[in-house]
Amino acid sequence: MNQLQQCHQIQGCNNIFIDAFKSRKEKILDHRNAFILTHYHADHYVGLPRGKGEKGYVGPAKIHCTPITANLLREIHNVDSCFIVSHEYGETWNHGETEITFYDANHCPGAAIVFFKVPAALLFHNKKEASSSSSSTSSCLSYEYHLHTGDMRFHPKFKLYPLLREAVAQRRLDVLYLDTTYAHPKHVFLSQDDAVHKIASQVKELLGPNEGYVRNKKQSFFQSSSSSSSCINSKVMHKTLVLLSCYSIGKEKVLWNASVQSNQLVYVNRTKYKMLECITCGEKEEESHGIIQRCTLDAQKSDLHVIQMGLAGSLHPYFQPNFEDCAAYAYKLQKGYTRVVAFIPTGWANASKYNQNHAISVKRVNLRELVGDGSGSGTGHGNHDFMHVEIRLVAYSEHSSYSELRDCVQFMRPKRIIPTVFSNEKDYLGIEKRFADLVDSQRAKEAFIGNLLGGGSNCKHGSSRQGNKKCADIMNPNDKKEVMSNVERKRKEPSQSSSNKCAAISIDDENDQHEVQKVEALEDRMACSTKLATKAVKTHQSPSCCNRKFHIDDANVAQLVSMGFDASVARDSLIAKKNDIERAIEWLLLRK
């Protein structure tokens with residue numbers, strides 16, 4: 001997750017911080033603040049001190065999370081229980097006037113998406129603004145609704161979450177803080193169920209022959225062909241070790257299904273075992289959360305081992321397999337393995353053509369060179385002189401694919417998206433643009449104009465008289481002819497009564513004058529825009545080239561993009577109007 005403040009703080013909630021132990025570290029010292037930890041992954045708890053006492057977490061701000069994450073904080077991170085507040089999925093709790101609800105994020109055990117119901121009054125920066133606008137917002141909605149996804153993989157079950165479903169049905173979800181880890185069309189991978197089945201079935205196929213392996217008929221790789229194809233010939237008898245790459249918490253579905261289908265226990269180290277013990281709490285855990293029942297701490301009792309992500313190879317900037325470390329791992333077990341197959345389940349498997357073309361990488365590793373045994377008498381301990389190593393990339397992730405992100409935004413139809421994973425401003429704007437056709441841009445424009453006109457951000461269309469009056473001044477060019485024809489018609493109509501003639505003329509003249517003034521103002525604005533565009537065409541330059549001296553506020557550009565305008569057009573409008581965002585809005589609406 002990006003460390004910018006906008007990714008970690010909900011608009012209007014100045015004392016609630018999400019996964020912000022590093023970016024908002026100073027806020028920990030205020031007991032009035034609340035910190036939400038969406039799940040127990042290092043990039044989200046980064047900055048959270050381990051242990052108790054002076055060197056540990058001393059608050060006084062409380063940490064709010066799900067029961068599983070609370071267990072991990074207590075048992076693994078050693079945070080004092082007095083600073084941890086756990087909330088079940090679906091349970092609504094309050095911090096100040098804001099109502100907060102956790103729902104299952106379909107990521108790792110204990111991960112939550114966070115639904116916020118924020119009083120509209122909190123969206124104003126101070127009490128003076130709130131009181132001054134209270135009269136004009138009497139008929140406005142009293143709450144805004146925000147969803148922070150933390151890390152998530154979108155799933156149809158999200159549509160069943162009560163509060164979220166209600167907000168979406170009423171078109172009232174305002175801001176979606178979206179996990180955009182894979183927010184690019186190149187990120188396409190299998191559904192979770194399909195990917196899990198693919199890995200589990202391959203594990204079963206690999207480990208099945210181990211039961212019938214005959215130690216007395218071991219083959220030496222010295223006697224086999226040097227080509228990779230001969231190494232994977234089905235006639236060659238192997239005793240196989242399977243390695244599954246995992247993070248500290250996550251991919252339990254893969255472990256569970258691989259264990260069940262292969263009828264093997266899963267070997268994990270003590271740290272992993274302790275973490276798996278923490279995820280069994282609660283009554284609503286998934287079947288895979290009981291994986292601890294199929295785990296062992298004895299490496300000799302299993303041919304299915306969990307290894308740390310990265311041991312079998314690195315993924316950035318492209319896949320680079322680590323054959324030697326996999327071979328060394330298998331050799332040290334001294335169980336006579338002749339083959340080791342490592343799985344790397346990751347969403348980056350299909351991130352490039354190179355990764356796709358090297359999804360299965362094979363190499364014979366010389367164990368004599370690896371362990372430094374040059375005696376020529378073999379490596380001993382029942383192992384062969386060569387180890388067949390195979391590393392398989394599988395497109396499995398616990399983040400949403402690009403198509404799933406599109407489905408998510410299409411379902412939720414927020415007024416605005418705030419990406420939480422991006423590398424720079426260009427990436428941020430690119431992500432917003434990819435989803436611009438799915439956000440509720442009409443609501444976004446109405447709310448934004450409402451803010452500019454002092455009508456509040458959550459007013460219904462036409463609910464504020466002051467807002468209506470000022471919005472009327474921003475006239476659609478298509479209405480120009482109608483206004484002028486009305487003026488001409490009124491001028492030609494005869495008076496109904498001589499006694500009321502003077503009064504009628506006075507009133508009509510005043511109304512006509514007001515409408516003509518609006519048309520003239522509209523014409524002036526359109527003429528200005530046309531003049532700028534014409535000048536740009538004549539000089540073969542974009543409008544942005546005509547006024548380089550104006551510094552454009554990127555926040556204004558982002559705000560206009562979130563309303564559905566193209567980034568380049570938004571930037572040009574700000575340049576044309578000298579960074580005055582209100583006039584830029586007018587300029588853009590007139591062009592529609």
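Above this note sits the structure.
Residues numbered from 1 in each chain as written. Predicted model: local features only at pLDDT ≥ 70, side-chain atom pairs only at ≥ 80, totals over all residues. Heavy atoms only, no water.

K.L.:
Help me understand the sheet that holds strand E9 (residues 173-178) in this model?
P.N.:
Either a parallel or an antiparallel arrangement is found when strands of a sheet pair, and the pairing is made through backbone hydrogen bonds. Read across the sheet, six strands follow the order E5-E6-E7-E8-E9-E19 without closing on themselves; strand pairing throughout is mixed. Each edge of the sheet is formed by a strand with only one pairing partner; in this case those strands are strand E5 (92-95) and strand E19 (416-419). Mean inter-strand twist for the sheet, computed between neighbouring axes without regard to direction, equals 20°. Packed onto the sheet, helix H12 (residues 402-412) meets strand E8 (143-148), E9 and E19 and runs at close to 165° relative to E9. (Pairing = 2+ DSSP bridges. Helix = DSSP H or I, 4+ residues; strand = E, 2+ residues; numbered from the N terminus. Axes fitted to C-alpha atoms, helices over the stretch in contact; angles between N-to-C directions. Contact = heavy atoms within 4.5 Å.)

K.L.:
So what exactly am I meant to see when it comes to the sheet that holds strand E2 (residues 34-36) here?
P.N.:
Judged by pairing direction, the sheet is parallel, and its four strands sit side by side in the order E1-E2-E3-E4 without closing on themselves. One side of each edge strand has no neighbouring strand; the edge strands of this open sheet are strand E1 (16-18) and strand E4 (84-86). Pairwise comparison of adjacent strand axes, ignoring direction, gives a mean angle of 25° for this sheet.

K.L.:
I tried to follow the pairing of E9 on my own but got confused; where do I start?
P.N.:
Regular strands show a simple pattern: their side chains alternate between the two faces of the sheet. Counting buried positions over the six residues of E9 gives six, a clear majority of the element. Relative to E9, E8 is paired through four bridges, and the arrangement is parallel. By the bridge assignment, His 148 is partnered in E9 with Tyr 177. Tracing the backbone out of E8, into helix H4 (residues 162-169) and back to the parallel element E9 gives a crossover that is right-handed. In this sheet, E19 lies alongside E9 in parallel orientation, the contact comprising four bridges. Bridged to Leu 178 within E19 is Pro 419. (Buried < 20%, exposed > 50% of the residue type's maximum accessible area, 1.4 Å probe, protein only. Right-handed = clockwise from strand over helix to strand, strands pointing away.)

K.L.:
What is the right way to look at the pattern of salt bridges in this model?
P.N.:
Going through the model one piece at a time under the given rule, you end up with twelve salt bridges. Notably, a salt bridge pairs Arg 24 with Glu 26, separated by 3.8 Å at the nearest N-O pair. The class of Arg 24 is buried, set by a relative accessible area of 15%. (Salt bridge = Lys/Arg side-chain N within 4 Å of Asp/Glu carboxyl O.)

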